[in-house]
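Listed below are the residues making up each chain.
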Amino acid sequence: MSADAPLLDVRDLSVAFGQGERKNVVVRGASFTVQRGKTLAIVGESGSGKSVTAQALVRLLPYPIASHPSGQVFFKGVDVLKMPEPKLRAMRGSGVTMVFQEPMTSLNPLHNIEKQIGEIITLHGGVKADLRARVVALLEEVGIQNPTSRLGAYPHQLSGGQRQRVMIAMALANRPDLLIADEPTTALDVTVQAQILALLKDLQARLGMALLFITHDLGIVRSIADDVIVMQKGEIVERGATAAMFAAPQHAYTKMLLAAEPKGVAPPSDLGAKTILEARDVKVWFPIRKGFFRRVFDNVKAVDGVSVTVREGQTLGIVGESGSGKTTLGLAILRLIRSEGPIVYCGRICWALRPSMGRPQ
């Protein structure tokens, strides 16, 4: 394999589900390459074939339900679709790894993160003697604070951003040549999303790995990708350098995707419009109990003195990081959790309304 040959070379790849007359081809004739140290983004709407293509590259699709009517997938010059199972398993853990959209579907809820990361290392020939130190180093590398204290944590005890970082640590444990990231930031809030993207770019620069990034978020593509391919209904309809494609898209579907990005400025609110909802100084505190008698010694102040007003015809956006109290405030306004502070709906205090009562006329 020559030094300038692509790390991943996909040729005329097709993917079908079902058998016989019921066979449904969902990806048709996909061809692209990924160079060492570069980032290729695959974009398209939901159902366009992005994730199916990514999983086909490492043969994660269920056989015999899924099949490949045509195509070759060369990784370091070897066709993955013809690779024997032992070599395929070795390649998945060291040569190519994946980070999925929702880490809770990939992490084992019964094992702590030390065991799960350590297992990835040992399965691919890692030394067991310094295993804990290696796991701690990986957690530090992906930005987990106080990693030694988090070794015994289970997935449900971590935030969404922390779980995604653990998944990235597992993916990087054996220093892969190619990392496939399938919508890795969709379920995260914007601040954590920015941190994860910055982390991926930093790790890519330091480790020299290639990155295949699957997303429908064009803003992410602008910030992270060197090249882009656009998929529609299982086919690649356009490809090119990121800057050139965003500046002058050629295919009608690409133009439609770019035109669909939210633009413009919301019109100013009519301050004279009728007030539909008003919440004043809303508080939702969750008690922290300790001891045999479970006495309250402190409170988690999930919402602490928040006031909002929504007028007729107005849209109010509530934004903030995970854990900032957005959902809790919404639940309090709907009286789905206990709260303090008056909440007035169409001129009537909510706690005076019966569950069956609709909007006052």
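See above for the structure.
Let us look at the structure shown here. All values reported here derive from a predicted model rather than from experimental measurement. (Residues numbered from 1 in each chain as written. Predicted model: local features only at pLDDT ≥ 70, side-chain atom pairs only at ≥ 80, totals over all residues. Heavy atoms only, no water.)

1. Let's talk about a nonpolar patch on the surface
Together, L331, L334 and L336 line one region of the surface with nonpolar side chains, adding up to about 300 Å² of accessible area. Relative to the helices and strands, L331 resides in helix α11 (residues 326–333). (Patch = residues over 30% accessible without salt bridge, like charges linked within 9 Å, V, L, I, M, F, W, Y side chains within 5 Å. Areas by Shrake-Rupley, 256 points an atom, 1.4 Å probe, with all protein chains shown as cover. Salt bridge = Lys/Arg side-chain N within 4 Å of Asp/Glu carboxyl O. Helix = DSSP H or I, 4+ residues; strand = E, 2+ residues; numbered from the N terminus.)

2. Remarks on the pattern of salt bridges
One pass over the structure, following the stated rule, counts nine salt bridges. The shortest N-O distance in the salt bridge between R11 and D9 comes to 3.0 Å. Among the ionic pairs, E85 bridges to R92, the shortest N-O distance being 4.0 Å. Accessibility expressed as a relative area gives 37% for E85, which makes it partly exposed. Residue classification places R92 among the partly exposed positions, given a relative accessible area of 24%. Through salt bridges with shared partners, one network takes in E141, R175, D202 and R206. (Buried < 20%, exposed > 50% of the residue type's maximum accessible area, 1.4 Å probe, protein only.)

3. Here we look at the packing of helix α3 (residues 113–123) against helix α6 (residues 160–172)
Orientation of α3 relative to α6, taken along the N-to-C sense of each, is 25°, at an axis distance of 8 Å. As summarised for this structure, α3 and α6 are arranged roughly parallel, according to the angle between their axes. Where α3 crosses over α6, the two elements pack in a sense that is right-handed. Facing I113, Q116, I117 and I120 of α3, the residues of α6 in contact are V166, A169 and M170. Class assignment for the residues of the contact of α3 with α6 results in six nonpolar, one polar and no charged. (Axes fitted to C-alpha atoms, helices over the stretch in contact; angles between N-to-C directions. Parallel < 35°, antiparallel > 145°, perpendicular 65-115°, else oblique. Left-handed = near helix turned anticlockwise from the far one by under 90°. Contact = heavy atoms within 4.5 Å. Nonpolar A, V, L, I, M, F, W, Y, C, P; charged D, E, K, R; others polar.)

4. Comments concerning helix α7 (residues 190–207)
Taking 1.5 Å of rise per residue, 18 residues should cover 26 Å, and α7 covers 26 Å from first to last C-alpha, within 8% of that figure. All of the buried residues in α7 are V192, Q193, I196, L197, L199, L200, L203 and Q204. Take α7 and look down its axis: the buried residues cluster within an arc of 155°, on one side only. Residues V190 and A205 are exposed on α7 and point more than 90 degrees away from its buried face. Looking at the packing, one finds that the buried side of α7 touches β3 (39–43), α4 (131–141), α6, β8 (178–182), β9 (210–215) and α8 (218–224). Downstream of α7 by a residue or two, G208 has a phi angle that is positive, lying close to 70°. (Expected span 1.5 Å × (residues − 1). Arc of directions from axis to C-beta.)

5. Points about the sheet that holds β8
Spatial strand order, β7-β8-β9-β3-β10-β11: six strands in an open sheet with mixed pairing. Of all strands in the sheet, those with a lone pairing partner are β7 (96–99) and β11 (235–241), marking the two edges. In this sheet, neighbouring strand axes are inclined to one another by 15° on average, regardless of whether the strands run parallel or antiparallel. Bridge count between β3 and β9: five bridges; the pairing is parallel. (Pairing = 2+ DSSP bridges.)

6. Some thoughts on the side chain of E238
Structurally, E238 can be placed in strand β11. With no salt bridge to any partner, buried E238 finds its closest opposite charge in K255, at an N-O distance of 7.9 Å. A polar contact is formed between the side chain of E238 and the backbone nitrogen of H251, at a distance of 2.9 Å. Among residues more than four places away in sequence, those in contact with E238 are V228, I229, V230, M245, A248, P249, Q250, H251 and T254. (Lys, Arg positive; Asp, Glu negative; His and termini not counted. Polar contact = N/O pair within 3.5 Å; in protein donor to acceptor, adjacent residues only side chain to side chain.)

7. Here we look at the pairing of strand β13 (residues 295–311)
Sheet faces and side chains relate simply in a regular strand, where the side chains alternate between the two faces. Bridging between strand β12 (residues 275–290) and β13 involves 13 bridges; their strand directions are antiparallel. Bridge pairing links E278 to T309 in β13. Hairpin connection between β12 and β13: a loop of four residues separates the two successive antiparallel strands, and G291 in this loop has a positive phi of roughly 85°.

8. Some points on the sheet that holds strand β15 (residues 348–349)
With respect to topology, four strands assemble into an open sheet ordered β13-β12-β14-β15, the strand pairing being antiparallel. Here the strands that pair on one side only, and so sit at the sheet edges, are β13 and β15.

9. Focus: the pairing of β3
Most of β3 sits inside the fold, with five of its five residues counted as buried. Covered by surrounding structure in β3 are T39, A41 and V43 together with L40 and I42, the residues of both alternating faces. Pairing of β3 with strand β10 (residues 227–232) involves four bridges; the strand directions are parallel. Looking at β10, one finds that L40 is bridged to D227.

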